[in-house]
Amino acid sequence: MIFRENTKGDLKSLERIYPAAFPDEDLLPVVRSLLTGSVDVLSLVAEDNGKVVGHVAFTICSVGDVSVGLLAPLCVDPAQHKQGIGSALVREGFKGLQERAIDKVLVLGDPAYYGRFGFAPERTIRAPYPMPEEWADAWQSVSLGTGSERIEGPLIVPDVWQDPSLWG
């Protein structure tokens with residue numbers, strides 16, 4: 001298994017994987033924008049024997065004047081589930097963010113899944129749009145250990161994340 005930054009040539013594979021992994025969500029517009037636009041993003045793929053089998057993106061956002069990473073989306077080919085590929089992609093992404101001196105990562109996702117990486121409910125950084133109350137613990141953050149300042153305020157996201165439907 002190889003983990004590497006994605007290339008434009010990977011988009012066709014990702015257009016196959018995302019609908020298979022998320023049949024009830026159309027994440028392709030977000031994926032395409034992240035990979036082909038001018039968004040500052042750390043985008044990694046997992047490649048197995050020359051075939052792309054997973055992807056993760058960390059969009060660089062801000063809270064005030066502090067840069068943070070927004071983990072989304074994360075996807076693994078359903079035929080490759082339960083092999084640790086998603087976990088490996090997240091950990092590789094953390095390394096890449098640390099190299100860029102980014103300490104805080106945020107995610108809107110399943111606490112049972114993301115808790116394994118140290119994510120915990122986030123109460124001081126506000127998501128760009130209101131979310132249902134039952135999702136309060138799904139808005140999470142983790143510190144990568146490179147900074148010590150407390151960050152508070154609204155998360156400022158690039159245009160690709162300005163769609164309120166992505167937050168609720």
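Quick summary incoming for the structure in this document. What you see is a predicted model; the values in this text were computed from it and never measured. (Residues numbered from 1 in each chain as written. Predicted model: local features only at pLDDT ≥ 70, side-chain atom pairs only at ≥ 80, totals over all residues. Heavy atoms only, no water.)

1. Quick notes on the pattern of salt bridges
Using the criterion set out here, one finds eight salt bridges in the structure. Note that Glu15 is salt-bridged to Arg32, the shortest N-O span being 2.8 Å. One end of the pair, Glu15, is in helix 1 (residues 11-21); the other, Arg32, is in helix 2 (residues 28-36), with 17 residues separating them in the sequence. Glu15 sits in the partly exposed class, given a relative accessible area of 26%. The partner of Arg100 in a salt bridge is Asp40, with the nearest N and O atoms 2.5 Å apart. Of this pair, Arg100 sits in the loop between helix 3 (85-99) and strand 5 (104-108) while Asp40 is found in the loop between helix 2 and strand 2 (41-48), placing the two residues 60 residues apart along the sequence. Judged by its relative accessible area of 37%, Arg100 is partly exposed. Counted as one network, the salt bridges with shared partners bring together Arg4, Asp10 and Glu47. (Salt bridge = Lys/Arg side-chain N within 4 Å of Asp/Glu carboxyl O. Helix = DSSP H or I, 4+ residues; strand = E, 2+ residues; numbered from the N terminus. Buried < 20%, exposed > 50% of the residue type's maximum accessible area, 1.4 Å probe, protein only.)

2. Brief notes about the layout of surface pockets
Of the volumes computed, that of the largest pocket is approximately 1,100 Å³. Lining the largest pocket are 34 residues, with Phe22, Leu74, Leu108, Gly109 and Tyr114 positioned closest to its centre. At the level of elements, strand 4 (66-76), helix 3, strand 5 and helix 4 (111-114) are the ones that each hand at least two residues to the lining of the largest pocket. Ranked by residue count, the leading element in the lining of the largest pocket is strand 4, at seven residues. For the lining of the largest pocket, the per-class residue count stands at 20 nonpolar, nine polar and five charged. (1 Å grid on protein atoms, 1.4 Å probe; cavity = no way out; pocket = protein on both sides within 12 Å on 5 of 7 lines; lining within 4 Å. Points joined across faces, edges and corners; volume = space filled by probe spheres on them. Nonpolar A, V, L, I, M, F, W, Y, C, P; charged D, E, K, R; others polar.)

3. Notes on empty space enclosed by the protein
All chains considered together, the criterion is met by one cavity of 30 Å³ or more. Each pocket or cavity is described by its volume, and for the largest cavity that value is around 40 Å³. Considering the residues around the largest cavity, the lining is formed by Asn6, Thr7, Lys8, Leu11, Leu35 and Thr36. Classifying every residue of the lining of the largest cavity by side-chain character gives two nonpolar, three polar and one charged.

4. Details of unusual backbone geometry
Backbone torsion omega between Ala72 and Pro73 reads -10 degrees, so that peptide bond is classified as cis. Looking at the element boundaries, Pro73 is found in strand 4. Phi is positive for Asn49, close to 50 degrees, though the residue is something other than glycine. Mapped onto the elements, Asn49 comes out in the loop between strand 2 and strand 3 (51-63). Even without being a glycine, Ala101 presents a positive backbone phi close to 65 degrees. Within the element layout of this structure, Ala101 appears in the loop between helix 3 and strand 5.

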